Structures are given as structure tokens and as C-alpha cells.
Amino acid sequence: MPIQVLMPALSPTMTEGKLAKWLKSEGDDVTAGDVLAEIETDKATMEIEAVDEGRLGRILVAEGSEGVAVNTPIAVLLQDGENAADIGDAPPPPKAAKAAPAEAKPESPGNGAGNGAAKPAPQPVVAAPQAEKEWSGATKTQTVREALRDAMAEEMRRDESVFLMGEEVAEYQGAYKISQGLLDEFGARRVVDTPITEHGFAGLGVGAAFMGLRPIVEFMTFNFAMQAMDQIVNSASKTLYMSGGQMGCPIVFRGPNGAAARVGAQHSQCYASWYAHCPGLKVVSPWSAADAKGLLKSAIRDPNPVIFLENEILYGHSSEVPDDPDWIVPIGKAKIVRPGGDVTLIAHSIMVGKALEAAETLAGEGIDAEVIDLRTIRPLDIETIVASVKKTNRVVSCEEGWPFAGVGSEIAAQVMEKAFDWLDAPVARVCAEDVPLPYAANLEALALPQAANIVAAAKSICYAD
Amino acid sequence: MHPSPEKQRDMLRQMQTIRRFEERASADFRSGAIYGVVHSYIGEEAVAVGVCAALNREDQIISTHRGHGHCIAKGADLNRMMAELYGREAGYCKGKGGSMHIADFGIGMLGANGIVAGGIPIVTGAGLAAQLEGKGRVAVSFFGDGASNAGPFHESINIAGAWKLPMLYVCENNMYAVQTPAAKSLAFKDVAARAAGYGIPGVIVDGNDVLAVYEAAVEAVARARAGDGPTLIECKTYRWRAHTERPAQPDYRPPEEIEAWKKKDPIPRLVRHLKQQQGQFSDEEWQELDKQVLKALEDSVTFAKASPFPATDAALEDVYAD
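Residues numbered from 1 in each chain as written. Chains lettered and ligands numbered in written order. Predicted model: local features only at pLDDT ≥ 70, side-chain atom pairs only at ≥ 80, totals over all residues. Heavy atoms only, no water.

Draft legend 1. Quick peek at the overall build of chain A. Along the backbone of chain A there are 12 helices and 24 strands. Taken over 465 residues, chain A has a buried fraction of 56%. In chain A, the proportion of contacts linking residues at least 24 apart, taken out of those at least 6 apart, comes to 77%. As presented, chain A carries roughly 18,500 Å² of accessible surface, and 52% of it is formed by carbon and sulfur atoms. (Helix = DSSP H or I, 4+ residues; strand = E, 2+ residues; numbered from the N terminus. Buried < 20%, exposed > 50% of the residue type's maximum accessible area, 1.4 Å probe, protein only. Contact = heavy atoms within 4.5 Å. Areas by Shrake-Rupley, 256 points an atom, 1.4 Å probe, with all protein chains shown as cover.)

As C-alpha cells, then:
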């Protein structure tokens with residue numbers, strides 16, 4: 001009875017691929033282990049080996065065919081005494097030959113004869129995508145903490161290769177209780193407690209990502225990730241480029257970033273501009289619970305290393321979150337959270353709340369502020385910023401990081417380059433004071449940017465003070 | 001148990017290929033055809049070849065700044081390696097990586113790494129992936145005595161020991177971290193002794209005896225595949241050349257020490273073994289093997305020179321995956 005050869009899956013997440021090349025022709029004899037064909041996905045090329053012996057009776061899917069779904073019959077093997085007539089026009093009987101994915105190999109030119117169908121050249125800067133779909137369905141009120149947990153749980157259900165590792169993430173359910181319930185649901189293989197060795201376990205995550213897994217590495221705070229900087233920058237962000245496109249690093253590094261409350265200089269730093277400096281990294285820093293969830297889901301699905309900067313103070317804040325496991329927020333798209341016409345306030349993470357507070361105060365003084373939540377720092381959604389500048393002609397950037405080469409410096413430079421003629425005043429920057437964060441409550445409040453600083457900056461460039 | 005005579009000949013061919021590759025890379029570096037920096041592996045060939053001979057294609061390795069030998073031993077293509085050193089489009093990394101970043105994920109070579117000890121956690125992550133996958137794959141970290149002083153070594157080997165990851169940590173102890181003698185940085189003689197602190201076996205091997213390296217690796221691989229965790233293998237060896245091929249780089253190592261180690265050359269040692277123990281390897285065969293290796297090297301240079309420099313557009317490609 002003729003045997004079907006099916007399109008195999010290279011990974012648990014693969015749903016379709018391209019049948020790049022047939023290495024056997026109709027009529028060829030096939031023995032177990034012979035390479036029948038090569039298939040390609042966006043990540044890799046693999047060979048299909050014959051498991052059964054026979055003669056290649058008919059090729060059902062021509063080489064060059066794209067989007068061939070996993071388990072589609074791609075050929076029919078004839079056994080002794082059978083001929084092409086036995087195949088018939090009807091679909092062959094369901095006895096399926098197992099087609100073993102022989103050897104996953106990253107796509108690269110010359111890696112094997114002639115398999116390197118050129119993939120489209122990626123752009124160095126990823127174009128800002130469309131905003132997420134407007135949500136009109138049901139929502140539920142969630143804290144940022146719960147939203148982050150749900151994002152991870154949903155993605156771990158969706159994709160077997162996603163796993164979480166970090167200090168205290170399993171038994172203790174996260175130092176900030178972000179991973180509540182995950183150990184119970186997914187077990188110790190996928191929710192992994194590590195020693196307090198950031199360089200080591202961040203590097204393990206990078207290596208696991210090179211092998212096709214999708215690690216989420218939690219840093220107890222990003223202050224400790226400086227120990228892991230070599231792995232994040234030298235390996236995670238550069239390997240795709242250094243290896244000539246052979247293999248990227250689909251990994252999420254996440255944890256709280258920036259100041260919390262009275263924990264001193266070594267536990268209070270904002271790293272947004274540090275990571276955003278590096279090509280190869282994406283940097284996300286949400287404010288609302290909905291964005292925390294939708295963006296973390298995008299980050300986990302992203303084929304690149306994503307730095308996901310959370311905020312300890314925001315963990316307990318609640319807002320409405322779309323009640324749908326398929327709802328995501330694209331990386332690289334800012335959001336106007338308050339429209340206005342007189343001045344643009346640009347912020348991310350906890351500073352969005354302070355910018356909104358400032359906008360209320362300004363409204364009382366007759367200044368109509370627009371507030372943009374960047375949500376993603378890199379790639380920066382400069383289009384949304386420029387569109388706003390063309391409307392308001394004035395910009396205040398608000399961040400918790402230091403001023404020198406900060407996110408605001410980049411915004412100021414790009415606004416100057418792309419919207420110079422629309423500016424009615426210099427870009428103003430509201431940042432942390434240029435000092436390590438002091439401990440005493442009164443000094444800490446002075447050193448961190450507050451709504452009042454934003455109000456003052458906005459009035460200054462509106463020439464209203 | 002020694003490998004078969006055929007396998008020994010393959011190992012000899014690989015060691016000689018590494019030797020000739022490094023000779024050629026050094027010469028072309030000095031002539032200006034290859035740029036940047038080249039770290040020669042000459043003298044240490046038995047380590048890469050002995051270990052990789054105990055591996056399957058599906059097993060993963062990671063290398064160091066001194067990485068050409070590991071690539072060749074894992075089965076990398078000479079043409080694409082040479083083209084990469086020449087900075088050409090046909091190179092493994094499209095000419096964008098260079099000597100210290102050659103990678104071939106298809107053969108389980110996760111890359112050289114220009115940061116001392118930087119690769120050790122990464123390949124330990126490959127070991128974690130192998131453990132999760134459960135198909136008996138192993139992962140191997142090559143590094144030097146200098147890297148064994150660095151934090152990532154200790155962090156990784158600690159995790160691997162605690163989690164029983166299927167790992168080999170292969171220390172190439174060539175007695176110097178750049179110019180600093182190991183004795184100045186370690187309070188004891190043997191890097192292998194560090195294994196005890198992590199609850200794993202530490203083995204000392206003559207790193208210039210490819211068969212001894214092979215046998216130690218076979219044993220460690222079997223442990224790893226059986227789920228019994230990592231092994232630290234310290235291979236005592238020596239690099240013949242200075243830290244890099246850059247000119248005017250003083251080499252303060254005693255000349256008599258260098259000469260003494262050259263007398264322990266791992267390649268003639270295997271040739272002698274093949275002749276004596278197998279009695280089937282003639283001078284003519286050895287000369288023929290070397291001739292073939294030289295021809296392959298010459299071909300690789302021809303291939304490299306025939307490949308264009310990367311198109312200018314390539315500078316902006318492969319920063320992000322789609």
C-alpha cells in the first residue's frame with residue numbers, strides 16, 4: 001500500500017514551511033535515512049529523511065512551494081510491487097510515513113548545496129508597526145502584576161518552548177510575586193529557580209535561546225542585570241549580526257527598573273537609555289496593565305532579545321485589560337494617552353502617570369497638553385512624536401533616568417532632525433537629578449522627577465511662567 | 001579504549017589541518033591579507049580534536065578567541081572559515097564576524113567568543129536545552145586557564161553541577177593567560193582541582209596526547225548522556241606562538257620552555273603511534289595526507305580570494321530578525 005510522506009514540524013511552534021528542494025525525483029529508489037527534500041522556515045533549513053524504504057512514486061508538492069502546512073502529504077512512496085497506478089487520484093490511504101526532521105540547520109548561504117533561498121533583507125531599524133486593534137470587547141480590572149503573570153502563563157500555554165528562569169521565580173513565586181501560580185501549572189522544568197548569579201543564568205538563557213527555546217529571564221531588579229551586561233549586549237544583541245544572520249536570540253529579559261521607594265542608589269537606577277543604545281535589542285517599558293500584558297506577550301513572541309523594563313511601584317496599579325488571550329500590543333508603537341494641542345509630554349513607565357498629573361495641572365492654567373506613552377523605547381516611534389510636534393510645536397520629555405545621553409536626549413535630537421521647522425521652543429527634558437539617588441525621603445523626592453517639574457518645564461517652553 | 005585506526009587517521013588529518021590552517025592564517029596575517037587579530041592554536045590541536053572526536057554532530061560546542069581549531073575539529077568548512085578571515089561575503093558570517101566570531105550553528109558550533117569566559121554560560125544554556133529536550137545531546141565548553149579565574153566559569157559550573165547538566169568543561173591549560181603565568185593567578189597547580197568545589201569530577205589529561213584526551217572525553221560524554229552531570233577536564237598543553245599574531249608583541253616566555261614543548265608536538269606523537277601500534281601507516285601515506293591537507297588549504301585561500309567583499313547593504317542587515 002503506498003505510503004504518504006507528510007510535511008514534518010521542525011519545532012513545536014512550526015505550522016508551515018517552504019518546500020525548498022527535492023533531492024529525490026519521481027521513480028528514485030529510497031532507503032531509510034535517505035534525504036528526500038529540504039524544507040525551510042523563517043528560522044532554519046532542515047532535511048526530510050525517509051523512514052521507510054520504497055520508490056518515490058509521486059511528488060505531491062512541488063519544490064519552491066511556500067506555506068506548506070505541517071502534516072500536508074508531500075509525496076507518496078511505493079513499496080515492492082506497487083506502481084504509480086496504485087496511487088490513484090484519491091488521497092492515498094492514511095498510513096503515514098514518519099518523516100524525521102533530520103537535522104535542523106540555520107539558514108545561511110553555502111550551508112549545503114543550493115539550499116539558500118535568499119530571505120528578505122531585514123532593515124536595521126524595525127519600522128514602527130500599526131497600533132494594536134481597538135478593543136471593544138470585555139475587559140477585566142487587573143493589576144500590572146496580574147497582567148504580567150497572565151501574559152507569561154498564556155504564552156507558556158501557547159508555546160512549549162517558553163520557560164521562565166530567575167531568582168525566586170518558582171517556589172517563592174517571584175520576589176515581587178509576578179510568577180504566582182506558574183510553578184503549579186507548568187512545573188519545575190519550565191519555572192526554574194536559579195542561584196543569585198546574574199551573569200551565569202542570563203548566559204544560560206542566551207544559550208537556550210540559541211538552541212531554539214524561548215526563555216524569559218527575570219532579574220529581581222534590573223540593577224542586578226549589570227552583572228549580566230556582557231551576555232545581554234555582547235552575545236544576545238550581537239550574535240545575529242556577528243554570525244551573518246545564522247541565529248538570533250529570542251529571549252526576554254524582564255524585571256523592575258528604576259526607583260522604587262527609599263531603597264538607595266544601588267537599587268534605583270533607570271536603564272532605559274543604556275539598553276536602548278544597543279542595536280540588536282528592543283526595549284519596552286509599559287505603564288498600564290493592558291500594555292504590560294499585551295507587550296510582554298509580543299516580547300515573548302519576538303525573535304529578538306527584548307529588554308522588558310517594569311516598575312515596582314506600578315506592580316500594584318490596576319487598570320482595564322482586554323479579556324482575550326489572543327490580544328497583543330505591538331512593540332514599537334507609542335500611544336497618545338491624552339490628546340492636547342499646546343504641548344507634547346513624552347513619557348514611559350511610571351512617568352506617564354506623572355505626565356498625566358502634570359497635564360491636569362496645566363489644563364487648570366489654560367495649557368492643553370498631549371501625553372504620549374512611548375511604551376517602547378527602541379525602536380522609538382518617532383512618527384507618533386513628530387505628528388504630535390507638528391500639532392503642538394512644543395515637547396517635554398519625561399524620564400526617571402539621568403539626563404546625560406538619556407532617552408530625552410535621543411528624543412530631542414530626533415525631533416530637531418525631523419521636525420525642526422515645527423518647533424516653537426527648544427525641547428525640554430525632565431530627568432532625575434544628575435546624582436546617585438539619595439536615601440533620605442526629602443532628598444529622594446527632590447532627585448526624582450515629579451509632576452511639578454513637568455509642569456514647570458511645560459510652562460517654560462510655552463513661555464507661560 | 002583507543003579509537004579504530006581509521007578514526008585515528010581522521011584525527012591526525014584534523015590536527016594537521018588545524019596546524020596548516022594556522023600556519024596559513026599567520027602568514028596571511030603578516031602579509032596583510034588578513035586583518036585585525038589572529039590567535040594561533042598551534043601546539044594545542046590535540047585538545048580540540050580529541051574532544052570533538054568523542055562528540056556527535058548534534059552535540060554543541062562553544063569556543064574562545066583562539067577558536068579556529070575547535071571549528072575545524074567540529075567539522076567546519078575550511079573555505080568558509082578562510083573566507084571569513086579574509087572578510088569576504090562567502091565567509092561563515094558573511095565577512096561580518098572575523099576570526100573571533102566564526103560560528104556554524106548547523107554543526108553545533110555556537111561560535112567563538114571574544115570575551116574571556118563569555119561563552120561558558122552560553123554553552124551551559126545549550127546544555128540546559130539539551131537536558132530539557134531529553135535526547136541525550138551534550139554540550140562542551142572550551143576555555144583557557146585564564147578563564148577559569150573568571151566569574152562566569154564559576155557561575156556556570158556551579159549551576160551545571162547543581163542541575164546535573166550534560167556538560168563537558170574543557171580547560172586548555174596552556175600555562176599563560178596572555179602573558180601572565182597561571183601560577184601567578186592560581187594558588188594551586190591544577191585547574192581540575194576546582195571541580196571538587198562544585199561536586200563534579202575533575203580530570204587531568206596530557207593535552208598533547210590526542211588519544212588520552214579522546215578517552216577522557218568519551219568517559220565524560222558517557223556520564224553526561226547518562227544524566228550524571230558535568231565533568232571538568234583539564235588538558236595540560238602549550239601554545240607555541242605568542243598570544244596573538246600581531247607584530248612587535250613581545251613574548252616573555254622562556255625560549256627553552258617553548259622549545260621543550262615543541263618536542264612534545266602532538267602531531268608526530270600520533271604519527272608514531274599509528275606507525276608503531278598499527279604498523280600500517282607509512283611515511284608515504286603521511287606525506288600524502290599532508291599534501292592533501294595543504295591542497296585543501298590552498299583551495300580555501302583561492303575560494304576566499306575569489307569571493308567578493310560584502311555588499312555595502314550588508315552592513316545594515318541582520319541587526320534584527322524579522
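Draft legend 2. Structural context of the packing of helix α3 (residues 198-210) of chain A against helix α6 (residues 151-163) of chain B. At a closest axis distance of 8 Å, the pairing of α3(A) and α6(B) adopts a crossing angle of 70°. As judged from the angle between their axes, α3(A) and α6(B) are roughly perpendicular. Crossing angle aside, the handedness with which α3(A) passes α6(B) is right-handed. In contact with A:E198, A:H199, A:G200, A:F201 and A:L204 of α3(A), α6(B) contributes B:P152, B:E155, B:I159 and B:W163. Split by residue class, the contact of α3(A) with α6(B) holds 5 nonpolar, 2 polar and 2 charged. (Axes fitted to C-alpha atoms, helices over the stretch in contact; angles between N-to-C directions. Parallel < 35°, antiparallel > 145°, perpendicular 65-115°, else oblique. Left-handed = near helix turned anticlockwise from the far one by under 90°. Nonpolar A, V, L, I, M, F, W, Y, C, P; charged D, E, K, R; others polar.)

Draft legend 3. Up close: the environment of A:E49. Residue and element names in this part refer to chain A. Tracing the chain through its elements places E49 in strand β5 (residues 44-49). The exposure class of E49 is partly exposed, given its relative accessible area of 27%. Residues E49 and A413, spaced 364 residues apart in sequence, show a C-alpha to C-alpha distance of 55 Å.

Draft legend 4. Quick peek at the interface of chain A and chain B. Across the contact, 55 residues belong to chain A and 42 residues belong to chain B. Of all residues in chain A, the largest losses of buried area upon contact with chain B belong to A:L204, A:M211 and A:Y241, amounting jointly to 18% of the total for that side. One can count 0 salt bridges joining chain A with chain B. Across the chain A-chain B interface, the total number found is 16 residue pairs in polar contact (both at pLDDT 80 or more). Elements supplying a minimum of two residues to the side of chain A that touches chain B: β10 (100-106), β12 (162-166), β13 (191-193), α3, α4 (229-236) and α5 (239-242) of chain A. Among the elements that line the side of chain A that touches chain B, the one with the most residues is α3(A), at 10 residues. (Buried area = accessible area lost by both parts, 1.4 Å probe. Salt bridge = Lys/Arg side-chain N within 4 Å of Asp/Glu carboxyl O. Polar contact = N/O pair within 3.5 Å; in protein donor to acceptor, adjacent residues only side chain to side chain.)

Draft legend 5. Here's a closer look at the packing of aromatic side chains. Using the criterion set out here, one finds 12 aromatic pairs over all chains in the structure. Here the aromatic rings of A:F219 and A:F222 are separated by 5.5 Å at their centres, their planes lie at 65°, and the arrangement is edge-to-face. The same class applies to A:F219 as to A:F222, namely buried. Ring centres of B:F281 and B:W286 lie 6.5 Å apart, and the angle between their planes is 45°; on these two criteria the pair is classed as tilted. One exposure class covers both B:F281 and B:W286, and it is buried. The rings of A:F201, A:F219, A:F222, A:F253, A:Y271, A:W274 and A:Y275 are connected pair by pair, giving a single aromatic cluster. A cation over an aromatic ring shows up here: A:K390 above the ring of A:W422, its NZ or CZ 4.4 Å from the ring centre. Geometry around B:Y176 places B:R253 over its ring, the cationic atom sitting 5.7 Å from the centre. (Phe/Tyr/Trp six-rings, centres within 6.5 Å; stacked < 30°, edge-to-face > 60°. Lys NZ or Arg CZ within 6 Å of the ring centre and 35° of its normal.)

Draft legend 6. The arrangement of the confidence of the model for chain B in detail. Averaged over chain B, the pLDDT score is 96; the fraction of residues at 70 or greater is 100%. The complex prediction reports pTM at 0.82, with the ipTM value standing at 0.94. (pLDDT = per-residue confidence, 0-100.)

Draft legend 7. Local environment of empty space enclosed by the protein. Residue and element names in this part refer to chain A. Under the criterion given, the structure shown has 5 cavities of 30 Å³ or more. Each pocket or cavity is described by its volume, and for the largest cavity that value is around 110 Å³. What lines the largest cavity is simply A265, S268, Q269, C270, E400, G401, W402, A432, V435, P436, L437 and L448. Among the residues forming the lining of the largest cavity, the class breakdown is 8 nonpolar, 3 polar and 1 charged. Considered as a void within the structure, the second largest cavity measures approximately 60 Å³ in volume. Lining the second largest cavity are N257, C270, S285, E310, N311, H348, S349, I350, M351 and E400. A breakdown of the residues in the lining of the second largest cavity according to their chemical character gives 3 nonpolar, 5 polar and 2 charged. (1 Å grid on protein atoms, 1.4 Å probe; cavity = no way out; pocket = protein on both sides within 12 Å on 5 of 7 lines; lining within 4 Å. Points joined across faces, edges and corners; volume = space filled by probe spheres on them.)

Draft legend 8. Representation of unusual backbone geometry within the structure. All names here are of chain A. The peptide bond linking R378 to P379 adopts the cis configuration, its omega dihedral lying at 0°. The residue P379 is located in the loop between β22 (376-378) and α9 (382-392) in this model. The phi angle at S349 is positive, at roughly 55°, despite the residue not being glycine. Assignment of secondary structure puts S349 in the loop between β20 (343-347) and α8 (350-364).

Draft legend 9. Region of interest: the sheet that holds strand β17 (residues 306-310) of chain A. All names here are of chain A. On the basis of which strands lie adjacent, the open sheet formed by 7 strands has the order β13-β12-β14-β15-β17-β16-β22 and mixed pairing. Bordering the open sheet on either side are β13 and β22, each of which pairs with just one other strand. The mean inter-strand angle of the sheet, taken between neighbouring strand axes irrespective of direction, is 20°. Relative to β17, strand β15 (residues 252-256) runs parallel, the two sharing 5 bridges. Directly across from G255, in β17, lies its bridge partner L309. Packing against the sheet, helix α7 (residues 289-301) makes contact with β12, β14 (214-218), β15, β16 (282-284), β17 and β22, and its axis sits at approximately 160° to β17. (Pairing = 2+ DSSP bridges.)

Draft legend 10. Up close: helix α11 (residues 283-306) of chain B. Across its 24 residues, α11(B) extends 34 Å between first and last C-alpha, which sits within 8% of the 34 Å expected from 1.5 Å per residue. For α11(B), every residue scored as buried is listed here: B:W286, B:L289, B:D290, B:V293, B:L297, B:S300, B:V301 and B:A304. (Expected span 1.5 Å × (residues − 1).)

Draft legend 11. Spatial organisation of the packing of helix α1 (residues 5-31) of chain B against helix α4 (residues 78-85) of chain B. Residue and element names in this part refer to chain B. In the contact formed by α1 and α4, the axes pass within 12 Å of each other and the chain directions differ by 25°. When the interaxial angle is binned, α1 and α4 end up roughly parallel. In the crossing of α1 with α4, the sense of the turn from one axis to the other is right-handed. Within the contact between the two elements, α1 uses T17, F21, R24 and A25 and α4 uses L78, M81, M82 and L85.

Draft legend 12. Examining the pattern of salt bridges more closely. Tallying each qualifying case throughout the model produces 44 salt bridges over all chains. Of the charged contacts, one joins A:D368 and A:R338 as a salt bridge, the two residues approaching to 3.5 Å between their closest N and O atoms. Linking A:D368 in the loop between α8 and β21 (369-373) with A:R338 in strand β19 (residues 335-338), this pair joins segments that are 30 residues apart in sequence. A relative accessible area of 33% places A:D368 in the partly exposed class. Given the relative accessible area of 16%, A:R338 is considered buried. Here B:K96 ties to B:D318 by a salt bridge, and the two come within 3.9 Å at their closest N and O atoms.

Draft legend 13. Representation of the environment of B:A260 within the structure. Residue and element names in this part refer to chain B. Assignment of secondary structure puts A260 in helix α9 (residues 255-262). Of the residues examined, A260 reaches a relative accessible area of 37% and is grouped as partly exposed. Put simply, A260 and D290 are 30 residues apart on the chain and 24 Å apart in space, counted from C-alpha to C-alpha.

Draft legend 14. Up close: helix α8 (residues 210-225) of chain B. Residue and element names in this part refer to chain B. For α8, which comprises 16 residues, the first-to-last C-alpha distance of 22 Å matches the rise-based estimate of 22 Å (1.5 Å per residue) to within 8%. Among the residues making up α8, those that are buried are V210, L211, V213, Y214, A216, A217, A220, V221 and A224. Positive backbone phi, at 85°, marks G227, one or two positions downstream of α8.

Draft legend 15. Representation of the nonpolar core in the model. A:F219, A:I232, A:F253 and A:Y275 are the most contacted members of the largest nonpolar core, which totals 80 residues. Those residues within four positions of A:I232 in sequence are excluded, and the remaining contacts are A:F219, A:A225, A:S237, A:F253, A:Y275, A:L281 and A:I307. Judged by nonpolar contacts, the second largest core, of 63 residues, contains B:L55, B:A73, B:A217 and B:L289. (Core = buried A, V, L, I, M, F, W, Y, C linked by side-chain atoms within 4.5 Å.)

Draft legend 16. Spatial organisation of the sheet that holds strand β23 (residues 395-398) of chain A. All names here are of chain A. If you walk across this open sheet you meet the 5 strands as β19-β21-β20-β23-β24, and the pairing is mixed. If you trace the sheet from one side to the other, it starts and ends with β19 and β24 (428-430), each paired once. Neighbour-to-neighbour, the strand axes of this sheet turn through a mean angle of 25°, independent of strand direction.

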